[in-house]
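So you can see what is in the structure, the chains are spelled out below.
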Amino acid sequence: MKNRISFTATLLFIILLTVNSRSYGQPKKVTDEEVKRIHDKAITVDTHCDTPMNMVRGNFDIGKKQSSGKVDLVKMKEGGLDAMFFAAFVGQKPRTTENYQEAYQTVHQMIDTIYSQVERNRQLASIALTAEDASIISKQGKRAVYIGIENGFALAKDIRRVEEFYNKGARYITLSHSYHNDICDSSTDRAKPEHNGLSAFGRDVVGEMNRLGMIVDVSHISDQSYFDVIKESKAPVIASHSSVRALANNDRNMTDDMIRALAKNGGVIQICLLSDYVKDPDTTTIRYKKDQEMRAIYNEKWSSMNEDQKAEFRKQWTEIREKYPRALANVSDLVNHIDHVVKLVGIDYVGIGSDFDGGGGLSGCNDVSEFPNITREMLRRGYSEEDILKVWGGNFFRVFRQVEEYAATAHN
Ligand SMILES: [Zn+2]
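Residues numbered from 1 in each chain as written. Predicted model: local features only at pLDDT ≥ 70, side-chain atom pairs only at ≥ 80, totals over all residues. Heavy atoms only, no water.

**A word on the packing of helix α9 (residues 223–232) against helix α10 (residues 256–265)**
Part 1 of the reasoning: At their nearest, the axes of α9 and α10 sit 11 Å apart, and the two run at 15 degrees to each other. Classified by the angle their axes make, α9 and α10 are roughly parallel. The two elements α9 and α10 cross, and the hand of that crossing is left-handed. Residue-level contacts link Asp-223, Tyr-226, Phe-227 and Ile-230 of α9 to Asp-257, Met-258, Ala-261, Leu-262 and Asn-265 of α10.
Part 2 of the reasoning: Looking at the contact of α9 with α10, its residues break down into 6 nonpolar, 1 polar and 2 charged. (Axes fitted to C-alpha atoms, helices over the stretch in contact; angles between N-to-C directions. Helix = DSSP H or I, 4+ residues; strand = E, 2+ residues; numbered from the N terminus. Parallel < 35°, antiparallel > 145°, perpendicular 65-115°, else oblique. Left-handed = near helix turned anticlockwise from the far one by under 90°. Contact = heavy atoms within 4.5 Å. Nonpolar A, V, L, I, M, F, W, Y, C, P; charged D, E, K, R; others polar.)

Here's what the structure looks like:
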């Protein structure tokens, strides 16, 4: 009897240890070989970078290692990154006829530039259009280049343009950016809500994206817009670059309720590597105050600046950031976000979306070449190989395939 009790106690102890090993166990010793083996085995995808903004500035070759940029084909290879979503981004401007036209054209221009960069480096990369393409292209020893559109403002309120951009290769649209648009309210617009969530046009856009097999991206949109999208979308959705609000109190991040609804929808939150979204910033530093001043100028004046003024503004901001460096959040802080989602809803609903070249960058993971450090930290915390493969791409590509399947079976 005594034996049986101690056996049961031991078993219970083992079970408890296993259940808790991810966060409460002693960190595991991890070898470089193990990190490399698992990282290489994964089909890795980063669902958001703003590198096309650098591409259109000219003199940019994605096949050459960039000194300041965080994403290029060389660094992707070094970091074992198989696939990247390059965002054709337009900032939100007042909705005038000219600005609509400009946004629409800018996105076309950015997508054209992505194609020409890949064409110039066709030994190193290929354009990817389907969920399957990442593995196919990776097997050829190349990088897969996916295209996303950041800000539905680029549709210029014309529903036919969803299909036009789909035909041009875009596979997700981030419905809004920092301000409300015709589709929905934004999470960061300080004006009062315009639609109280998703507009009638926004519902049409979601329906059209579902019909075509385009992924709906809920990053940047307001909480109410988000819940409307979840109700409206017939296929799972993604947050291409958002983190957990319970850990960093920023409106761009998702609340626990939003994450629970996402899991129910079958979607995925791709944790963003932007330091302020990973860890609340220290608001007492000079750097923070200067940064806030520059951000205020950006919000107020950026859209009316000419190219010279924009260049000067960028230069000033870079100088300030160099003069007052700050402690960035680190890889451990980032993996806390993955842990949080896993504890809340399980391993199947979380991935990585860096926002590199759009503000993303952490201590220990400041460009794509340092991605293996995330794998190392997950291994240290006891994540299994299967778990890590899911986070690096398994989860996202599951969603992508479901979006494709819905479009293939929907009565179009
Ligand atoms: Zn963004």
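Now that the structure is up, let's keep going.
**Let's talk about the domain arrangement of the protein chain**
Interface size is often expressed as the accessible area that is lost when the parts come together.
Part 1 of the reasoning: Along its sequence, the protein chain is carved into domain 1 (29–282 + 329–409) and domain 2 (283–326).
Part 2 of the reasoning: Between domain 1 and domain 2, the C-alpha centre-to-centre distance is 25 Å.
Part 3 of the reasoning: At the junction of the two partners, domain 1 supplies 7 residues and domain 2 supplies 8 residues.
Part 4 of the reasoning: Taken together, the two surfaces of domain 1 and domain 2 that pack against each other cover about 720 Å², and 38% of this comes from carbon and sulfur.
Part 5 of the reasoning: At the junction of domain 1 and domain 2, the tally comes to 1 salt bridge.
Part 6 of the reasoning: Between Asp-276 and Arg-326 there is a salt bridge, and its shortest N-O distance comes to 2.9 Å. (Domains from an automatic or database assignment. Buried area = accessible area lost by both parts, 1.4 Å probe. Salt bridge = Lys/Arg side-chain N within 4 Å of Asp/Glu carboxyl O.)

**As for the coordination of the zinc ion**
Part 1 of the reasoning: The zinc ion binds to the protein through Glu-150 (OE), His-220 (NE2) and His-241 (NE2), with metal-donor distances spanning 2.0 to 2.2 Å.
Part 2 of the reasoning: All donor residues of the zinc ion come from one chain, and their arrangement in sequence is E-x69-H-x20-H. With Glu-150 in strand β4 (residues 143–150) and His-220 in the loop between β6 (215–217) and α9, the pair connects residues that are 70 residues apart, well separated along the chain. In terms of burial, Glu-150 and His-220 fall into one category: buried. (Donors = N, O, S within 2.8 Å, 3.2 Å for Na, K, Ca; no water. Buried < 20%, exposed > 50% of the residue type's maximum accessible area, 1.4 Å probe, protein only.)

**Here we look at unusual backbone geometry**
Part 1 of the reasoning: In this model, Lys-157 sits at a positive phi of 60 degrees, which is unusual for a non-glycine residue.
Part 2 of the reasoning: If you trace the backbone, Lys-157 turns up in the loop between β4 and α7 (160–167).
Part 3 of the reasoning: Phi angles above zero are rare outside glycine, and Asn-196 is one such case at about 55 degrees.
Part 4 of the reasoning: Summarising the element assignment, Asn-196 is placed in the loop between β5 (170–174) and α8 (200–212).
Part 5 of the reasoning: The class for Asn-196 is exposed, based on a relative accessible area of 56%.

**A word on the pairing of β5**
Part 1 of the reasoning: With 5 of 5 residues buried, β5 lies mostly within the body of the structure.
Part 2 of the reasoning: The pairing of β4 with β5 spans 4 bridges and is classified as parallel. By the bridge assignment for β5, Ile-147 is matched with Ala-170.
Part 3 of the reasoning: Once the chain exits β4 it traverses α7 before rejoining the sheet at β5, and the crossover so formed is right-handed.
Part 4 of the reasoning: Bridging between β5 and β6 involves 3 bridges; their strand directions are parallel. (Pairing = 2+ DSSP bridges. Right-handed = clockwise from strand over helix to strand, strands pointing away.)

**Here's the deal with helix α5 (residues 97–120)**
Part 1 of the reasoning: For α5, spanning 24 residues, the distance from its first C-alpha to its last is 35 Å, which sits close to the expected 34 Å at 1.5 Å a residue.
Part 2 of the reasoning: Along α5, the positions that sit buried rather than exposed are Asn-99, Tyr-100, Ala-103, Tyr-104, Val-107, His-108, Met-110, Ile-111, Thr-113, Ile-114, Gln-117 and Val-118.
Part 3 of the reasoning: At its buried positions, α5 is contacted by α3 (52–55), β2 (83–89), β3 (125–127), β4 and α7. (Expected span 1.5 Å × (residues − 1).)

**Quick look at the nonpolar core**
Part 1 of the reasoning: Judged by nonpolar contacts, the single largest core of 85 residues is most densely connected at Phe-86, Phe-165, Leu-175, Ile-338, Phe-371 and Ile-374.
Part 2 of the reasoning: The element that contributes the greatest number of residues to this core is α5, accounting for 8 residues.
Part 3 of the reasoning: Apart from the residues within four sequence positions on either side, Ile-374 is in contact with Leu-273, Val-331, Leu-334, Val-335, Ile-338, Ile-352, Cys-365 and Trp-392.
Part 4 of the reasoning: Counting 20 residues, the second-largest nonpolar core is a separate cluster that includes Val-45, Ile-137, Val-268 and Phe-396. (Core = buried A, V, L, I, M, F, W, Y, C linked by side-chain atoms within 4.5 Å.)

**A closer look at the pairing of strand β8 (residues 268–271)**
Part 1 of the reasoning: Neither face of β8 is open: one carries Val-268 and Gln-270, the other Ile-269 and Ile-271, and all of them are buried.
Part 2 of the reasoning: As defined by bridge partners, strand β7 (residues 238–239) adjoins β8 across 2 bridges and the pair is classed as parallel. Bridged to Ile-238 within β8 is Val-268.
Part 3 of the reasoning: You can see the chain leave β7, run along α10 and come back into β8, and the turn it takes is right-handed.
Part 4 of the reasoning: In this sheet, strand β9 (residues 350–352) lies alongside β8 in parallel orientation, the contact comprising 3 bridges. Following the sheet pairing, Gln-270 is matched in β9 by Gly-351.

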